[in-house]
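# Residue-level structure breakdown
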Amino acid sequence: MNMNDHIDTQCLQASDAAHHLHPFADYSQKHQQISRVIVKGEDIYVWDSEGRRLLDGMAGLWCMNVGYGRKRIADAVHAQMTRLAYYNTFFHTTHPPAVELAAKLVEISPPQFNHVFFAGSGSEGNDTVVRLVRHYWAKQGHPERKIIISRHNAYHGSTMAGASLGGWPSMHQQGDLPLAGIVHIGQPSYLEGGRGKTPEQFGLEAASWLEHKILELGADKVAAFIGEPVQGAGGVIVPPPTYWPEIQRICGKYGVLLVADEVVTGFGRLGHWFGSTYFGIQPDLITFAKGVSSGYVPLGGVLVGDRIAHALMAKGGEFNHGFTYSGHPIGCVAALENIRIIEEENLVAQVRDDTGPYLKQRFEALAQHPLVGDAGAVGFLGGLNLVRHKGATVHDNVPFDRALEVGMLCRAHMFGSGVIVRTIPGDRLLISPPLTMTRAQIDEMIALITTGLDKTLAELKQRGWA
Ligand SMILES: *Cc1c(COP(=O)(O)O)cnc(C)c1O
């Protein structure tokens, strides 16, 4: 039977609960939740098995940049599968899709990038980063330079290296992480640490934590600093404008490699091909995944800047690293077609000049809602906080008791209203919609979110929580 033709929702849900262990889920009977079954996607919408249409304000999981249902990606994949479904790129072999995509990525990336290393995901890309920067320093005659500095509340994936680079205690607690030689400094969250300071002052202060850490460890021990230009899963945390240029200056001063994890911020999400350009920084490595193929086929990798690539070429010696699916031809053709769509539909400039500023204006106006303490957006990323009382400044807002899980309640009301958003602990609500969204669709999304907020407020009042 083709499950897509005739869907028995309860049967699927029962089988899912019986056999499928979901990522980031609690497997106890008590906490197991019935899964919503998603069966179809078109443009910015998905449909569940009951036929309900949902506006996807999260672009899948931060990845569906060109929207669902792109037949031309399916056609490109079909043609490649029939021609050459798989071949590896080990042992000095290659194939046209990998060659073509590497050249294309070099073309659209900042000028210091002329080489690409392919992986299957963002996590694998960051594993590659860890090995590559340590290999680089060893080749430079400084094998002791291996510490990588990351940030609390960063998200860099879920492999051992990815979770170690990441800054979530909940992930470090499991699996004896972080790996040796990975340390963390504070995140540039103005909301968290900026009380009594201007954002500009706070941005410089948060960057200075990197310098303090480098001096504490000894610059001759530090290999690299890694950060998401805008933290995604950690809560769409937009650093003050002074932060990244100061980080760049500090890395330059001590010779520390700068790595931008652009798995979320790449491929147009901030109105530039890469978020590094938005913040005016020149990283040595860029991790990419998600938007490179808009999630149609898994693909990730690392853009390798000239400083590292040229040094490795000059020194020689094998880099003993790679994946069976590095440069998988199906992922590469999907990415190529995806990038063609982004180019032909002018999505990067559209987000930068038109729909991005419009989304910012509409999303930030949600701060007028009685339940919203503050709302901020950059490009096609947004985040807002649900609060019990609004104070004179964002630092004086009064949150809800965490145990009430108001964010989860709100997320359910968003689903009920027909829009998918993400909520994270601390009652923070995030969006990361497809880049194809028009102004009319932005209006539609904001209206649905407003309905969801109204319903949440009504329930909170009914329960006596607000
Ligand atoms: C999603 C994500 C990753 C991990 O990518 P996977 O494809 O899930 O392994 C890494 N970094 C950032 C910033 C991400 O958002």
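Here the structure is a predicted model, which means the values were calculated and not measured.

## Comments concerning the overall build of the chain
The secondary structure content of the chain amounts to 16 helices and 15 strands. What you see for the chain is a C-alpha radius of gyration of 22 Å, in line with the 23 Å of a compact globule of 466 residues. Referenced to the eigenvectors of the C-alpha coordinate spread, the extents of the chain come out at roughly 70 × 60 × 45 Å. Within the chain, the proportion of its 466 residues that are buried is 53%. A separation of at least 24 residues holds for 70% of the contacts in the chain among residues at least 6 apart in sequence. For the chain, the exposed surface amounts to about 20400 Å²; the carbon and sulfur share of it is 55%. Side-chain charges in the chain split into 40 positive and 45 negative, and the spacing between the mean points of these groups amounts to 3 Å.

## Topic: the layout of surface pockets
Taken as a whole, the second largest pocket encloses approximately 1100 Å³ of empty space. Around the second largest pocket sit 29 residues that line it, and Thr89, Val116, Phe117, Phe319 and His321 are the ones nearest its centre. A breakdown of the residues in the lining of the second largest pocket according to their chemical character gives 15 nonpolar, 13 polar and 1 charged.

## Considering the pattern of salt bridges
For the coordinates displayed, the defined rule picks out 23 salt bridges. Here Glu216 ties to Lys213 by a salt bridge, and the two come within 3.4 Å at their closest N and O atoms. Within this pair, Glu216 and its partner Lys213 are both found in helix α9 (residues 199-217), separated by 3 residues, close to a single helical turn. On the basis of relative accessible area, Lys213 is assigned to the buried category, the value being 17%. By sharing partners, the salt bridges in this structure join Arg72, Glu100, Glu337, Arg340 and Glu344 into a single network.

## Quick notes on the domain arrangement of the chain
When the domains of the chain are assigned, the result is domain 1 (36-66 + 346-463) and domain 2 (72-344). A straight line from the C-alpha centre of domain 1 to that of domain 2 covers 27 Å. Between domain 1 and domain 2, the contact holds 31 residues from the first and 33 residues from the second. Carbon and sulfur atoms make up 64% of the surface buried where domain 1 meets domain 2, a total of about 2500 Å² over both sides. Considering only the surface of domain 1 that becomes buried against domain 2, Trp62, Val348 and His395 emerge as the three largest contributors, covering 27% of it. Residue Asp396 is joined to Arg195 by a salt bridge in which the shortest nitrogen-to-oxygen separation is 3.1 Å. For the pair domain 1 and domain 2, the interface holds 16 residue pairs in polar contact (both at pLDDT 80 or more). Listed by contribution, the elements that provide at least two residues to the side of domain 1 that touches domain 2 are α2 (59-62), α14 (347-364), β11 (372-378), β12 (381-386), β14 (422-424) and β15 (428-431).

## Details of a nonpolar patch on the surface
Where nonpolar side chains cluster on the molecular surface, the patch consists of Leu84, Tyr86, Tyr87 and Tyr325 and spans about 380 Å² of accessible area. Along the chain, Tyr86 falls in the loop between α3 (71-84) and α4 (96-108). Taking the relative accessible area as the measure of exposure, Tyr86 reaches 30% and is therefore partly exposed.

## Describing helix α16 (residues 439-462)
With 24 residues, α16 ought to run about 34 Å at 1.5 Å a step, and its terminal C-alpha atoms sit 35 Å apart, in line with that. Of all the positions in α16, only Gln441, Ile442, Met445, Ile446, Leu448, Ile449, Gly452, Leu453, Thr456, Leu457, Glu459 and Leu460 are classed as buried. Just downstream of α16 lies Gly464, where phi reads positive at about 75°.

## Some details on unusual backbone geometry
Look at the link from Leu177 to Pro178: it is a cis peptide, with omega at 0°. Structurally, Pro178 can be placed in the loop between α7 (169-172) and β6 (182-185). A positive phi angle, near 45°, is found at Ala59, a position not held by glycine. Residue position: Ala59 is located in helix α2. A relative accessible area of 0% means that Ala59 is categorised as buried. Not every positive phi belongs to a glycine, and Val236 is a case in point at roughly 45°. Tracing the backbone shows Val236 in the loop between β7 (222-227) and α10 (243-254).

## Some words on the side chain of Arg151
With respect to the helices, strands and loops of the structure, Arg151 is situated in strand β5 (residues 147-151). Although Arg151 is buried, it forms no salt bridge, and the closest oppositely charged side chain is Glu228 at an N-O distance of 4.8 Å. In terms of polar contacts, Arg151 uses its side chain to reach the side chain of Tyr243, at 3.2 Å. In this view, Arg151 contacts Gly167, His184, Ile185, Gly186, Pro188, Phe225, Ile226, Gly227, Glu228, Gln231, Tyr243 and Trp244; residues no more than four positions away in its chain are not counted.

## As for the nonpolar core
Soluble globular proteins: nonpolar side chains tend toward being buried together. Counting 36 residues, the largest nonpolar core has Trp62, Ile149, Leu210, Phe225, Trp244, Ile247 and Leu381 as the members making the most contacts within it. Shared between two domains, this core takes at least three residues from each, and those domains are domain 1 (36-66 + 346-463) and domain 2 (72-344). Those residues in contact with Trp62 that sit more than four places away from it in its chain are Gly232, Ala233, Val236, Val264, Arg269, Lys290, Leu381, Arg422, Leu430 and Ser432.

## Concerning the site of the ligand
All residues in the neighbourhood of the ligand are listed as Ser121, Gly122, Ser123, Asn126, Tyr155, His156, Gly157, Glu228, Asp261, Val263, Val264 and Lys290. Note that a nitrogen atom of the ligand is positioned 3.5 Å from one of the backbone N or O atoms of Tyr155. A distance of 2.7 Å separates a nitrogen atom of the ligand from a polar atom in the side chain of Asp261. Protein coverage of the free-state accessible area of the ligand, which is 380 Å², stands at 84%. Top element by residues in the shell around the ligand is helix α5 (residues 122-139). It accounts for 3 residues. Split by residue class, the shell around the ligand holds 3 nonpolar, 6 polar and 3 charged.

Rules and cut-offs
- Residues numbered from 1 in each chain as written.
- Predicted model: local features only at pLDDT ≥ 70, side-chain atom pairs only at ≥ 80, totals over all residues.
- Heavy atoms only, no water.
- Helix = DSSP H or I, 4+ residues; strand = E, 2+ residues; numbered from the N terminus.
- Rg over C-alpha atoms; globule rule 2.2 N^0.38 Å.
- Buried < 20%, exposed > 50% of the residue type's maximum accessible area, 1.4 Å probe, protein only.
- Contact = heavy atoms within 4.5 Å.
- Areas by Shrake-Rupley, 256 points an atom, 1.4 Å probe, with all protein chains shown as cover.
- Lys, Arg positive; Asp, Glu negative; His and termini not counted.
- Charge placed at Lys NZ, Arg CZ, Asp CG, Glu CD.
- 1 Å grid on protein atoms, 1.4 Å probe; cavity = no way out; pocket = protein on both sides within 12 Å on 5 of 7 lines; lining within 4 Å.
- Points joined across faces, edges and corners; volume = space filled by probe spheres on them.
- Nonpolar A, V, L, I, M, F, W, Y, C, P; charged D, E, K, R; others polar.
- Salt bridge = Lys/Arg side-chain N within 4 Å of Asp/Glu carboxyl O.
- Domains from an automatic or database assignment.
- Buried area = accessible area lost by both parts, 1.4 Å probe.
- Polar contact = N/O pair within 3.5 Å; in protein donor to acceptor, adjacent residues only side chain to side chain.
- Patch = residues over 30% accessible without salt bridge, like charges linked within 9 Å, V, L, I, M, F, W, Y side chains within 5 Å.
- Expected span 1.5 Å × (residues − 1).
- Core = buried A, V, L, I, M, F, W, Y, C linked by side-chain atoms within 4.5 Å.
- Near = heavy atom within 4 Å.

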